[in-house]
Amino acid sequence: PESKSIFIVSHQTMTASLPTLALLLPYLSIDFFASHDSSNFASGFSLNSFPKKALHISMISDNGPATKAVPALPIPPPILSTTPGTWAYDTMSRRVDSEILQRTFEENEEELSSPEFAQALKNFNALREELQDAANVKLRHLLPHDSCSDDDDHEDRKKEHEEWHGILEPFVDNEDTWLSAPWLVTEFYVYRRVMEALGYFSKSNTSTYKYDPFLKQKRAGLLSSVASAENVMEKIENFPKASKEGVALAAAFALWGNKMDLSIWPADAKNAGKDVFSTVLASAADNLLHDDTELLTELAEKLREKGGGNVDIIVDNAGFELVTDLALADHFVADGVASCVTFQLKSHPTFVSDALENDLRETVAHYANLDKEEYPNCQRAGERWQKYLDEGKWVCHENSFWVQPLAMWEMPEPLRSDMGERCDLAFVKGDANYRRLLGDRFWDYTAPFQDVVGAYFPCPVVALRTLKAEIGCGMDADQVKRASELDDNWLVNGRFGVVHFGTGV
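Residues numbered from 1 in each chain as written. Predicted model: local features only at pLDDT ≥ 70, side-chain atom pairs only at ≥ 80, totals over all residues. Heavy atoms only, no water.

When its secondary structure is counted, the chain shows 18 helices and ten strands. Taken across its 505 residues, the chain has 53% of its residues classed as buried. Put simply, 78% of the contacts in the chain that link residues at least 6 apart link residues at least 24 apart. Only carbon and sulfur atoms are counted for the fraction: they give 51% of the accessible area of the chain, which is about 22100 Å². (Helix = DSSP H or I, 4+ residues; strand = E, 2+ residues; numbered from the N terminus. Buried < 20%, exposed > 50% of the residue type's maximum accessible area, 1.4 Å probe, protein only. Contact = heavy atoms within 4.5 Å. Areas by Shrake-Rupley, 256 points an atom, 1.4 Å probe, with all protein chains shown as cover.)

Before going further, it helps to spend a moment on unusual backbone geometry. A cis amide bond links glutamate 413 with the next residue in sequence, proline 414, at an omega value of 0 degrees. Note on placement: proline 414 falls in the loop between strand E7 (394-398) and helix H15 (415-422). One non-glycine residue, lysine 210, lies in positive phi territory at about 60 degrees. Residue classification places lysine 210 among the partly exposed residues on the basis of a relative accessible area of 37%. Phi angles above zero are rare outside glycine, and valine 352 is one such case at about 65 degrees. With respect to the helices, strands and loops of the structure, valine 352 is situated in the loop between strand E6 (338-345) and helix H13 (357-368).

On to the sheet that holds strand E4 (residues 288-291), then. A sheet is described by the order of its strands in space; here seven strands give the open sequence E4-E10-E9-E8-E5-E6-E7, paired in mixed fashion. Of all strands in the sheet, those with a lone pairing partner are E4 and E7, marking the two edges. When the angles between neighbouring strand axes are averaged without regard to direction, this sheet yields 20 degrees. (Pairing = 2+ DSSP bridges. Axes fitted to C-alpha atoms, helices over the stretch in contact; angles between N-to-C directions.)

The biggest cluster of nonpolar side chains holds 79 residues, and the ones touching the most others in it are Trp178, Met419, Leu437, Leu438, Val453, Phe457 and Trp490. By residue number, the principal contributor to this core is helix H7 (residues 183-198), which donates ten residues. Non-local contacts of phenylalanine 457, meaning those with residues more than four positions away in its chain, are made with Ile314, Met408, Met411, Arg416, Met419, Ala426, Val428, Leu437, Gly504 and Val505. Of all hydrophobic cores here, the second largest spans 58 residues; its members include Leu288, Ile313, Ala329 and Phe427. (Core = buried A, V, L, I, M, F, W, Y, C linked by side-chain atoms within 4.5 Å.)

We now examine the pattern of salt bridges. Pairing is possible between side chains of opposite charge, provided their charged atoms come close. Taken as a whole and assessed by the stated rule, the structure comprises 34 salt bridges. In this structure, the salt-bridge partner of arginine 94 is glutamate 99, at a minimum N-O distance of 2.8 Å. Owing to a relative accessible area of 34%, arginine 94 belongs among the partly exposed residues under this scheme. One salt bridge connects glutamate 362 with arginine 219, and the closest N-O pair in it is separated by 2.7 Å. Of the two residues, glutamate 362 is situated in helix H13 and arginine 219 in helix H8 (residues 215-237); the sequence distance between them amounts to 143 residues. For glutamate 362, a relative accessible area of 26% corresponds to the partly exposed category. Given a relative accessible area of 42%, arginine 219 falls into the partly exposed group. One network of salt bridges, in which partners are shared, links Glu130, Arg140, Arg193 and Glu196. (Salt bridge = Lys/Arg side-chain N within 4 Å of Asp/Glu carboxyl O.)

The buried count for strand E9 (residues 461-466) comes to six of six residues, which makes it a mostly enclosed element. A two-sided burial pattern is seen for E9, the buried positions comprising Val461, Ala463 and Arg465 on one face and Val462, Leu464 and Thr466 on the other. Of the pairings in the sheet, the one linking E9 to strand E10 (residues 497-502) comprises six bridges and is antiparallel in character. Each residue of the ladder has a partner; that of valine 461, found in E10, is glycine 502.

One pass over the full model with this rule turns up 17 aromatic pairs. With a centroid separation of 6.0 Å and an interplanar angle of 70 degrees, the aromatic rings of tyrosine 191 and phenylalanine 214 are classed as edge-to-face. Placement of tyrosine 191 in helix H7 and of phenylalanine 214 in the loop between H7 and H8 is noted, with a sequence separation of 23 residues between them. Note on tyrosine 191: relative accessible area 3%, which makes it buried. Following the ring pairs from residue to residue traces out a cluster consisting of Phe343, Tyr367, Trp385, Tyr388 and Trp394. The lysine or arginine in question, arginine 436, covers the ring of phenylalanine 401, its NZ or CZ lying 4.3 Å from the ring centre. (Phe/Tyr/Trp six-rings, centres within 6.5 Å; stacked < 30°, edge-to-face > 60°. Lys NZ or Arg CZ within 6 Å of the ring centre and 35° of its normal.)

With that out of the way, let us pick up the packing of helix H3 (residues 87-107) against helix H5 (residues 118-132). One can describe the packing of H3 onto H5 by two numbers: an axis separation of 9 Å at closest approach and a directional angle of 160 degrees. One element, H3, and the other, H5, form an angle in the roughly antiparallel class. At the point where H3 passes H5, the crossing takes the left-handed sense. Residue-level contacts link Met92, Ser93, Val96, Asp97, Leu101, Gln102, Thr104 and Phe105 of H3 to Leu121, Phe124, Leu127, Arg128, Leu131 and Gln132 of H5. Among the residues making up the contact of H3 with H5, the classes are represented as eight nonpolar, four polar and two charged. (Parallel < 35°, antiparallel > 145°, perpendicular 65-115°, else oblique. Left-handed = near helix turned anticlockwise from the far one by under 90°. Nonpolar A, V, L, I, M, F, W, Y, C, P; charged D, E, K, R; others polar.)

By secondary structure assignment, the location of phenylalanine 501 is in strand E10. Judged by relative accessible area, phenylalanine 501 falls into the buried class, the value being 13%. As for phenylalanine 501 and glycine 474, which are separated by 27 residues in sequence, their C-alpha atoms are 9.7 Å apart. If we ignore the near neighbours within four places in the chain, the residues touching phenylalanine 501 are Asp292, Leu295, Leu296, Leu299, Phe449, Gln450, Pro460, Val461 and Val462.

Tracing the chain through its elements places threonine 466 in strand E9. A residue is classified by how much of its surface remains accessible, and threonine 466, at 14% relative accessible area, is buried. Apart from the residues lying within four places of it in its own chain, the contact partners of threonine 466 are Leu255, Trp256, Asp431, Gly494, Phe496 and Gly497.

The end-to-end C-alpha distance of helix H14 (residues 376-391), which contains 16 residues, comes to 23 Å, matching closely the 22 Å that a straight helix rising 1.5 Å per residue would cover. Where H14 is buried, its residues meet H8, helix H12 (320-334), H13 and E7. Directly after H14, the chain includes glycine 392, whose backbone phi takes a positive value near 80 degrees. (Expected span 1.5 Å × (residues − 1).)

Here it is, written out as structure tokens:
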């Protein structure tokens, strides 16, 4: 009754089994691994017998390299948005249109009502009409790529368009709707369609070209972050150096931000003893359902001993959360754990608040230019951050992979090789990125993170996540029981979190 993934390695006698498999396929999702030069696979059997939705063929040469790294456990089917009462169903059938896009319209009403945005508004409203009938409207490919000859990033845009064609092809061919295709695919697709509606990538309209419809909300988050960050920056500046406690505190702040209990922090942080910092960490761990901080601090010590390593932060939201990411990177550089921090950022506006390179640089500039008298700690932090950028100790990197719905075990080249060869440690921030680590699938909540993520990720990885979706793994059984008894909405309201460590491959 439920889909399962079956992994089949080809043998010389496999042809004889194919008719039986065809009978099972309506009930199963099968990954079939066939030899690239195996003539027996093609002979005497028609692939038309296999339903399109059920079959995925990966052609692997007998003499070629091993198959790509994937989770070490059987991969569950992807989450769909077809079940009323689920977060996925509510998101795609109601929330995306009536809340997210409605708010987007309201915040950009002045621009969208102008003559320059007339076509954009028409396209935007057409997208909303699709989503208002999400159960019946079938997915389509993106419109043909605008190939302006003077477009400096034409090749990148062409490549990104082709990538989306490949992502959507099985669901368009299968005539899937906004609800019947995987949730992760349709949710990312919404934001890519918003970019298409606006003409974000087209230079033919200078008013809509690279217009960020979420910028006003992100800037509001930036402005409001300072008051909360002022107290936090003072603490971070005084984190103990060359110690496990400092690394643990920086990670805890990056996870919880202003949810950390600052009331128990010592007034004189510079002279605080180790026991005081242990108390702060214990408070931060109260709602952790799994905590691999010790493994993180052990790796950090090794990187510090070798003179610092390359650390990546796969960024999630702008605003205060981005400030905590910058604070984490700040401590890692100042503490000698990192010689260089690379921020992996989105290549176009998505998920409303997700951060682009422009958002990061604007955040740094805003903090560096604050009033020294009113916000001395934030202003000093901004100056340090700007210096890191100027000196190349901080690097910004945008990639279209971060705005696409592929599971992270589908990370393409050359990004995967770059992270595997260059990166000593990667932090994955936020819930949407965590969903991609898990392929947006229902794993057993207690399935080890190492088996699900550590088995395929290209480098050592730490996931810092507050729970805001109905999936997870690597959580302690007793903590899951405690959380579910304390809060009916424990999976989605951000009250609980995890610090997960995976070795990578």
